[in-house]
Amino acid sequence: MNMPDPQALAAAWLSQWSDPAAWQPWMAMMSAMPTMPTMPTMPAMPAPGGASPLAGFLKDAGAGIDTARMEAIRDDYLKKVTQLWQDVMLGKTPELSDRRFAAAEWRGNPLSAFSAASYLLNAECMMAMADAVEVGPRERQKLRFSVQQMIDAMSPANFLATNPEAQQHMIETQGESLTKGLSNMLTDIQKGRISQSDETAFEVGCNVGNTAGQVVFENDLFQLIQYTPTTASVHSVPLVMIPPCINKFYILDLQPENSLVRYVVEQGHTVFMVSWRNPDRSQSHLRWDDYVEDGAIRALDVVAEITGQEKAHVFGFCVGGTIAATALAVLAARGRQPAASLSLLTTLLDFSDAGVLEVFIDETQVALREQKLAAGGLMPGRDLATTFSSLRPNDLVWNYVQQNYLKGKEPPAFDLLYWNADSTNLPGPMFCWYLRNMYLENKLKQPGALTVCGVPVDLGAIDAPVFVYGSKEDHIVPWTAAFASMQLLNPRNPKANRFVLGASGHIAGVINPASKNKRSHWINDKGGKSRPRTDAAWFESAAEHKGSWWPAWAKFLAENGGAQVPAPGVAGSSDYPPSEPAPGRYVQVRAD
């Protein structure tokens, strides 16, 4: 299903939000409609005051809502809207539990309070109708996503005419906030994206991505960084970190106090990092096989030659974990087992549950991408960034519309959001292959179903202890989907697998420094016959521990890290001499 344009919908419907009567057409639903077989393209919404948009959508789709359920939704809506009108007529300020309307200005103006309360009531009704549509779960997820996008876009907090906070700020600043807001908007239009952080506050290699090290190898696909040891001795087994090629590696090396790279260096490991190149047109032909063979496998080979160690800890984060696991399966098919351990952070190997990203992935959408990009071309980083922002629009879009444009404020300095805006392109053939074979057809989990680099891959053939991490509130890689990797790896030796669950989301859950003692994580040490086989059973008997999961990972690495040896005095080797200081020049190239 194609997603509607939230801004266009907002402009068309803005005038309706303060008038509950304008929402009555949404209640005029058909009493009998056949079951919907597939989800079509979302039609354009009618002009305000016209027939029910949802009714028209359902009619075109061939879907319907059970008559009794529709009656219940209507009755509940009419009851609540009547109570809201009565409260307003009696001078009672409506309750506003949504944090978007927490400021005193929303309650201080009766019209603004009523506008916000009406919006919340209408939004609740819309979602109830979306949930009531008689479709399959995947189609319902798409419908819910589309409706939620419309709801979020049409919040009265998003428009100067209906935002009392912005109006009051304009009065207090004698119009300066409006002038500054317009300037901010014009600047962002030139950038082609909304500013989420004060980007002048950070510089890669200066105050983010600044852990000391040297680039010791590069090809057209990546640079390999070897970090400078900070301990007199190190574990003999090196650590090779493979980050996602969507966005840049320095999410793992932000500022010193929240750098995962710095942390593992301080734990006494020789650490290498793959820094993917930001693809340009000359690399628009690259495939998944290239990222595996010339990327992950080449990095492992170079590290083995530099250190003289046959095995290395292999680390993969998000799609970097998918690349890492694929590479190890390819090497296993070739008779090699180079991993002393495998660590997968918020990684999908089984794509049965791809989270909210499923709304963007079906046969029609993947085929369109293939038609445009499979033979060559780039998936722009800006498009990828927009997609991910749409997953949390109130936090990553509308919040900044309100603060930057309506109130004329500058976004604060935030290293994680600075990184988030530093997007990367993807080669079209690689991206399309990944969408079809992983997300759409879910072949990686099936032994022999995929041929990569000329060999059939079987994740179960990887022979190494495994550490799997999932984030409890992850909307991109649901933790239950991350847990599913436990069934694919070491199938004949499940005790070699360890799962740890952290609090928070896809990024914030991972970047949780041990020194700050924030959040919590869950561990389940049951083994043998009592070992939980399902995610639900695992969580039910897991123990919650306060603070970061990083020490649990450090312990896992140490257990599989070999003997202590003197730390290397110089980076690289005679065959791989240092070429430039970390973080290298590849990470400096911006997609925009």
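Everything here concerns the structure above.
Residues numbered from 1 in each chain as written. Predicted model: local features only at pLDDT ≥ 70, side-chain atom pairs only at ≥ 80, totals over all residues. Heavy atoms only, no water.

### Examining a nonpolar patch on the surface
We apply this condition: Grouping into patches uses exposed residues only, defined as over 30% relative accessible area, and leaves out salt-bridged ones; the cut-off is 9 Å for like charges and 5 Å for nonpolar side chains (Val, Leu, Ile, Met, Phe, Trp, Tyr). Working definition of accessibility: Shrake-Rupley area with a 1.4 Å probe, residue cover restricted to the visible protein chains. Counted as salt bridges are all cases of a side-chain nitrogen of Lys or Arg within 4 Å of a carboxyl oxygen of Asp or Glu. Here a helix means four or more residues in a row that DSSP labels H or I, a strand means two or more in a row labelled E, and each is numbered from the N terminus.
Taken together, L178, L182, M185, L186 and I189 make up a surface patch of nonpolar side chains, about 430 Å² in accessible area. Turning to its location among the elements, M185 is positioned in helix α8 (residues 176-191).

### Observations regarding the layout of surface pockets
How we decide: Using a grid of 1 Å spacing that covers the protein atoms alone, one calls a set of points a cavity when a 1.4 Å probe fits there but cannot get out, and a pocket when the set is open and has protein on both sides within 12 Å along at least five of seven lines; lining residues are those with an atom within 4 Å of a point. Grid points are joined across faces, edges and corners, and a volume is the space filled by probe spheres set on the points. The classification used treats Ala, Val, Leu, Ile, Met, Phe, Trp, Tyr, Cys and Pro as nonpolar, Asp, Glu, Lys and Arg as charged, and all other residues, Gly among them, as polar.
Each pocket or cavity is described by its volume, and for the second largest pocket that value is around 320 Å³. Around the second largest pocket sit 21 residues that line it, and K495, N497, R498, N524 and K526 are the ones nearest its centre. Contributing elements (two or more residues each) for the lining of the second largest pocket: β13 (497-502) and α19 (550-559). At 3 residues, β13 tops the list of elements feeding residues into the lining of the second largest pocket. Residues belonging to the lining of the second largest pocket are distributed by class as follows: 10 nonpolar, 5 polar and 6 charged.

### Regarding helix α10 (residues 288-307)
What counts, and what does not: Between the first and last residue of a helix there are one fewer steps than residues, each counted as 1.5 Å, and that sum is the expected span. The seven residues ending at a residue and the seven starting there each receive a fitted axis; the angle between those axes is the bend at that residue. Burial classes: relative accessible area under 20% of the type maximum marks a residue as buried, over 50% as exposed, and values in between as partly exposed (1.4 Å probe, protein chains only).
Look at α10: 27 Å from first C-alpha to last across 20 residues, which is about the 28 Å you get at 1.5 Å a residue. Its axis deflected by about 35° at R298, α10 carries its strongest bend there. Judged by how many residues are buried, α10 sits mostly within the fold: 14 of 20 residues are covered. Where α10 terminates, the next one or two residues include G308, which has phi positive at roughly 75°.

### Description of the sheet that holds strand β7 (residues 339-345)
Inclusion rule: In this description, strands pair whenever DSSP reports at least two bridges between them.
Across the sheet, which stays open at both edges, the 11 strands sit in the order β15-β14-β13-β12-β7-β6-β4-β5-β2-β1-β17 with mixed pairing between neighbours. The open sheet is flanked by β15 (543-546) and β17 (580-581), the only strands paired with a single partner. Two elements, β7 and strand β12 (residues 466-471), share 4 bridges in a ladder whose sense is parallel. From the neighbouring strand, L344 faces β12, where its bridge partner is V468.

### Some points on the packing of aromatic side chains
As a reminder, the rule being used: Any Phe, Tyr or Trp ring, taking Trp's six-membered ring, that has another such ring centre within 6.5 Å forms a pair; planes under 30 degrees apart are called stacked, those over 60 apart edge-to-face, and the others tilted. Note on geometry: a ring has a charge over it if NZ (lysine) or CZ (arginine) is within 6 Å of the ring centre and within 35 degrees of the ring normal.
With the rule as written, the count across this model stands at 29 aromatic pairs. Consider the rings of F101 and W106, whose centres lie 4.8 Å apart with planes at 75°: the pair is edge-to-face. For the pair F101 and W106, one class covers both residues: buried. Pairing F217 with Y576 gives two aromatic rings, centres 6.1 Å apart and planes at 70°, and the pair type is edge-to-face. With F217 in strand β1 (residues 213-218) and Y576 in the loop between β16 (564-566) and β17, the pair connects residues that are 359 residues apart, well separated along the chain. An aromatic cluster is present here, built from F315, F467, Y469, W549, W553 and F556 joined pairwise through their rings. Here the guanidinium or amino end of R277 rests over the ring plane of Y586, the centre of that ring lying 5.9 Å away.

### With respect to the nonpolar core
Put simply, the rule reads: Put simply, buried Ala, Val, Leu, Ile, Met, Phe, Trp, Tyr and Cys residues joined by side-chain atoms within 4.5 Å make one nonpolar core. Contacts: residue pairs with any heavy atoms within 4.5 Å of one another.
L224, W276, W288, V292, Y439, L459 and F499 are the most contacted members of the largest nonpolar core, which totals 87 residues. Among the elements that make up this core, the one with the highest residue count is α10 (10 residues). Non-local contacts of W288, meaning those with residues more than four positions away in its chain, are made with V319, T322, I323, T326, M430, W433, Y434, M438 and V452. Grouped together as the second largest cluster of nonpolar side chains are 43 residues, I523, W550, A552 and W553 included.

Any functional reading would require information beyond the geometric quantities listed.
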